[in-house]
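# Examining the three-dimensional arrangement
One letter stands for each residue in the lines below.
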Amino acid sequence: MDKDNIKEKLFNGLDFQKILEDKDFKEDSVREAIIMPILMELGYKQHNIIRSKNLEHPYLKIGSKKRPITLVPDYALKLDNNFAWVLDAKSPKEKVKDSDNVEQVYSYATHPEIRSTYFALCNGLEFSLFKTDSTNVPVFYFHLNELDENWEKLKMYLSPESFHHGKILTYDTTTATAKPKGNFDYSNRPLLEEIGQLKRQSAKRHKGVHGYFTRQVWNVVAEYIKNFSQKGDVVLDPFGGTGVTAIEALMNNRQAISIDINPMPVFIVKTLIEPIKLNEFTQAFERTKIEYLKREPKTASEIKALLKSTSYPKAIKLPKGSDVSSIEELFSNEQLAKLGLLKSIIKKEKKRDIRENLLLVFSASLYKINRTYQTPKTVSAGGGNSSIFAYYRYRVAPNPSNENLISVFETRFKKIIEAKKELQYHINNESIKEIKIVKGTATNLKWINKESVDYIYTDPPYGNKIPYLDLSVMWNSWLDLEVTEEDYAQEAIEGGEHQKTKDDYNGLIAQSIKEMYRVLKFDRWMSFVFAHKDPGFWHLIIDTAESCGFEYAGAVPQKNGQTSFKKRQNPFTVLSGQLIINFRKVRNPRAIMKANLGMDIAEIVMQTIEGIIAKNNGASLEQINDELIIKGLELGFLDLMKKEYADLTPILLGSFNYNEEKEIFTLKEKSKFKTSIDVRLRIKYYLISYLRRKERENHSPSFDEIILDILPLLKNGVTPEHQTVLSVLEDIAERVGHDSWRLKREGQGDLFDL
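Here goes a summary of the coordinates provided. Everything quoted here is computed from the prediction, not taken from an experiment.

A few words on unusual backbone geometry. Unusually for a residue other than glycine, A315 sits at a positive phi of about 55°. Within the secondary structure layout, A315 lies in the loop between α9 (300–309) and α10 (333–347). The class for A315 is exposed, based on a relative accessible area of 65%. Of note, Q499 is a non-glycine position whose phi angle comes to about 50°, a positive value. Within the secondary structure, Q499 sits in the loop between α16 (485–490) and α17 (502–519).

Printed below as a string of structure tokens:
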């Protein structure tokens, strides 16, 4: 159908200008003459359209008695077992943006029997669409007389194909699909499986160069860049930090843009990747070291004299909550004098690139040369640590270490030399032109052309977790890097020294997502790292991304090598590692349809647990928690699940076996799945469990024995034919002799993929 003729097709010459003048054209006419043709053309069948559904409302007190009242939406659009949206007809004289009318239809959409994401109003002249979490302004509004111009957008929001739906939960949104064969196709990239081998320590370009508060695991970032982009593509990270995304993009022959509001990490990245002559750098280091050792203060009087003659940060206030009020109080007089001397010697270097690289070494050394740093009492306890990184505040150590400045300076110099050697093959005077390291805000990328970026990988701040600018005061002051009030205003955090609200934070993150959408090319991907305990932040990301036009493609749990102790204590408030949320920018995105919460939440939880156990042939508490978080977030029931299932232990121990050695939960022997799990997944699980049991008994069963054992366990779902069982069996097992079977040996096949 030509979109320019859609109005003519549906309404056959109806004159919208005369509707208001027609006294007989009332609400019933709007329903039949306007709304029904639109719904049918969008693709809804009669069984999808529930008319005048009675919704029981909580009792209303009338006088001394409580009486039930009923809500009746004109249309509730249903897909499988979920309601996608509701639509209410109004007479042409009523307004579709009137607050009372909007509030009425909102009550339908949020009713426990509906729980839809969208609701709409139509008066025959206008059409307005709202989201239930934002009712002030419609997400889409148009005059019916302009239907031709707005039809494609209406389909994008409300056609049946725009919704992910279905009560049966799937278990493949967080796993990789087979990589497409042939030419690279941006629109058909697979989601990556969780990357199990983390290589934090193995890249000299990241490890040991300069301390910072957060840093993505470099090989995880590299795998995402390689999966979602090609050589020569432009990769953007608008919350760039210490440049892991940008550096890995360059290491894999991409162009890179890295942006951060904090001048400290911008200085670190720019200086680290700058090509310099290493022999000149080494000579400058030696000159600096020799002069420093000649002039190093040894006595109290020498320290006092040096404090008068050298510069250091003075009277610069630290954030509230710090143990001391100003920067100079973070240092002993000896440390201040020695650091001031070393910096003054570095500043005398004539060549800018050499001078700034020595300042990078100096800045990296500050980590240990201050009163927040403490070494353990015993060598076996490991290396020392600074409270700035451990506690995210300026906490003076009970017993601060008195590290030798020039020794620390020399160690950091060696680390940076190693990093530069590792980088120099990929980053040279030519390739450096392919990278932009910018101090700026993610909320305003106007200097980046529209639709010029091929891939975005970003790890944004997480609410009130880390106030980056506040915690960088010490480094920015020593490096003479300016931080303005505008920088603080644009920093996407909660709290901090400027007491930013959650709304401030949410607004800045939402604006940054809008900017990312603008600069990204169509059919390209954005990977958004999520490690926030508040499910509201997830919904902010998803809803903002969808309102911009992104299509949600799935979230993948990714461990980051950190301890999961807090996760085990609070499974639904603390994420173990992170989730990487993947979006595509497409011209006709599908929206996520939130689950119908009229469903039994216990059934959803049990189905999710059984599904991940079946998928992995046994699942750890971490895997179960991660899967429940993803399903709860995607389907909109995480808040309810947090309240009712804060502790999964009773459910898991009561319904499943626990293997203490492997730390995994499995079905109890001879028990059935209680919920609807894909038949091939159920068959695979039972086959692996049965064949492993027979291996322990040194017996290779026949096909008939296998059928007789597992078929009774499958009768709570669709009973498969023997041929279906055989096809799954052939994937995971091998024949022994004429008609006996055993699991394939390691390397012969993957037991965990169908």
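Next comes the rest of the write-up.
Structurally, R742 is set in strand β23 (residues 740–743). Taking the C-alpha atoms as reference points, R742 and E695, separated by 47 residues in sequence, lie 7.4 Å from one another.

The next subject is helix α13 (residues 405–423). Between the first and last C-alpha of α13 there are 27 Å, a value that for 19 residues agrees with the 27 Å anticipated at 1.5 Å per step. Residues of α13 that are buried: L405, I406, V408, F409, R412, F413, I416, I417, A419, K420 and L423. Of the surrounding elements, those touching the buried residues of α13 are α6 (244–251), α7 (263–273), α8 (278–295), α10 and α11 (352–365). With a side-chain oxygen positioned 3.2 Å from the backbone nitrogen of I406, the residue opening α13 is N404.

Glancing now at the sheet that holds strand β8 (residues 140–143). Strand order in this open sheet of 6 strands is β1-β4-β5-β6-β7-β8, and the pairing throughout is mixed. Each edge of the open sheet carries a strand with a single partner, namely β1 (49–51) and β8. In this sheet, neighbouring strand axes are inclined to one another by 20° on average, regardless of whether the strands run parallel or antiparallel. Where strand β6 (residues 118–122) meets strand β7 (residues 126–131), 5 bridges bridge the pair, whose relative direction is antiparallel.

Let us look at the pairing of strand β11 (residues 255–260). Buried residues dominate β11, accounting for 5 of its 6 residues. For strand β10 (residues 234–237) and β11, the ladder comprises 4 bridges, and the chain directions are parallel. Looking at the pairing, L236 lines up with I257 of β11. Each parallel crossover has a hand, and for β10 linked through α6 to β11 it is right-handed. In terms of strand pairing, β11 meets strand β14 (residues 435–439) through 5 bridges, oriented parallel. Considered in β14, the bridge of S258 is made with I437.

This brings us to the packing of α7 against α11. Remark: α7 packs on α11, axes separated minimally by 10 Å, with the N-to-C direction vectors making an angle of 125°. When the interaxial angle is binned, α7 and α11 end up oblique. Judged by the sense of rotation from one axis to the other, the crossing of α7 with α11 is left-handed. Here α7 contributes F267, I268, T271 and L272 to the contact with α11, which in turn contributes E356, N357, L359 and L360. Across the contact of α7 with α11, the residue classes tally to 5 nonpolar, 2 polar and 1 charged.

The next thing to look at is the sheet that holds strand β17 (residues 550–558). One open sheet holds the 7 strands; their spatial order is β14-β11-β10-β15-β16-β18-β17, and the pairing between them is mixed. With one partner strand each, in any of the chains shown, β14 and β17 form the two edges of the open sheet. Adjacent strand axes in the sheet meet at a mean angle of 15° when their direction is disregarded. Along the sheet, α6 makes contact with β10, β11, β14 and β15 (453–458), crossing β11 at roughly 170°. Against the sheet, α17 touches β10, β15, β16 (520–530), β17 and β18 (578–585), its axis set at about 150° to β16.

Turning next to the nonpolar core. Generally speaking, soluble globular proteins have nonpolar side chains that are buried together. With 135 residues, the main nonpolar core has Y224 and F583 as its most contacted residues. The biggest single contributor to this core is α13, with 9 residues. Sequence-distant contacts of Y224, defined by excluding residues within four places in its chain, comprise L192, I195, Y455, Y457, S527, V556, I580 and N582.

Mapped onto the elements, P319 comes out in the loop between α9 and α10. Since its relative accessible area comes to 11%, P319 is described here as buried. Separated by 150 residues in sequence, P319 and L469 place their C-alpha atoms 9.8 Å apart. Not counting the four nearest positions on each side in its chain, P319 is found in contact with Y394, D470 and E497.

On to the packing of aromatic side chains. Note on aromatic pairs: each is described by the distance of the centres and the angle between the planes. Evaluated as defined, the whole model comprises 30 aromatic pairs. Aromatic pair F11 and F16: ring centres 5.5 Å apart, planes at 85°, arrangement edge-to-face. On the basis of relative accessible area, F11 is assigned to the buried category, the value being 7%. An aromatic cluster is present here, built from Y212, F213, Y367, Y373, F389, Y468 and W475 joined pairwise through their rings. Over the aromatic face of Y141 sits the side chain of K97, whose NZ or CZ is 4.0 Å from the ring centroid. Sitting over the ring of Y186, R524 keeps its end group 3.5 Å from the ring centre.

This next bit is on the side chain of R189. Looking at the element boundaries, R189 is found in the loop between β9 (163–164) and α5 (218–228). No salt bridge is formed by the buried R189, whose closest oppositely charged neighbour, D185, lies at an N-O distance of 7.2 Å. In terms of polar contacts, R189 uses its side chain to reach the backbone carbonyl oxygen of N227, at 2.7 Å.

Remark: helix α2 (residues 27–42) packs on helix α4 (residues 147–158), axes separated minimally by 11 Å, with the N-to-C direction vectors making an angle of 70°. The orientation of α2 with respect to α4, classified from their angle, is roughly perpendicular. The residues of α4 that touch α2, namely those facing I38, E41 and L42, are W151, L154, K155 and L158. Classifying every residue of the contact of α2 with α4 by side-chain character gives 5 nonpolar, no polar and 2 charged.

Take the pattern of salt bridges next. Going through the model one piece at a time under the given rule, you end up with 29 salt bridges. Note that R352 and E356 form a salt bridge whose closest N and O atoms lie 3.1 Å from each other. With a gap of 4 residues between them, R352 and E356 both fall in helix α11, about one helical turn apart. Using a relative accessible area of 42% as the deciding quantity, one classes R352 as partly exposed.

About the criteria used
Residues numbered from 1 in each chain as written. Predicted model: local features only at pLDDT ≥ 70, side-chain atom pairs only at ≥ 80, totals over all residues. Heavy atoms only, no water. Helix = DSSP H or I, 4+ residues; strand = E, 2+ residues; numbered from the N terminus. Buried < 20%, exposed > 50% of the residue type's maximum accessible area, 1.4 Å probe, protein only. Expected span 1.5 Å × (residues − 1). Contact = heavy atoms within 4.5 Å. Polar contact = N/O pair within 3.5 Å; in protein donor to acceptor, adjacent residues only side chain to side chain. Pairing = 2+ DSSP bridges. Axes fitted to C-alpha atoms, helices over the stretch in contact; angles between N-to-C directions. Right-handed = clockwise from strand over helix to strand, strands pointing away. Parallel < 35°, antiparallel > 145°, perpendicular 65-115°, else oblique. Left-handed = near helix turned anticlockwise from the far one by under 90°. Nonpolar A, V, L, I, M, F, W, Y, C, P; charged D, E, K, R; others polar. Core = buried A, V, L, I, M, F, W, Y, C linked by side-chain atoms within 4.5 Å. Phe/Tyr/Trp six-rings, centres within 6.5 Å; stacked < 30°, edge-to-face > 60°. Lys NZ or Arg CZ within 6 Å of the ring centre and 35° of its normal. Lys, Arg positive; Asp, Glu negative; His and termini not counted. Salt bridge = Lys/Arg side-chain N within 4 Å of Asp/Glu carboxyl O.

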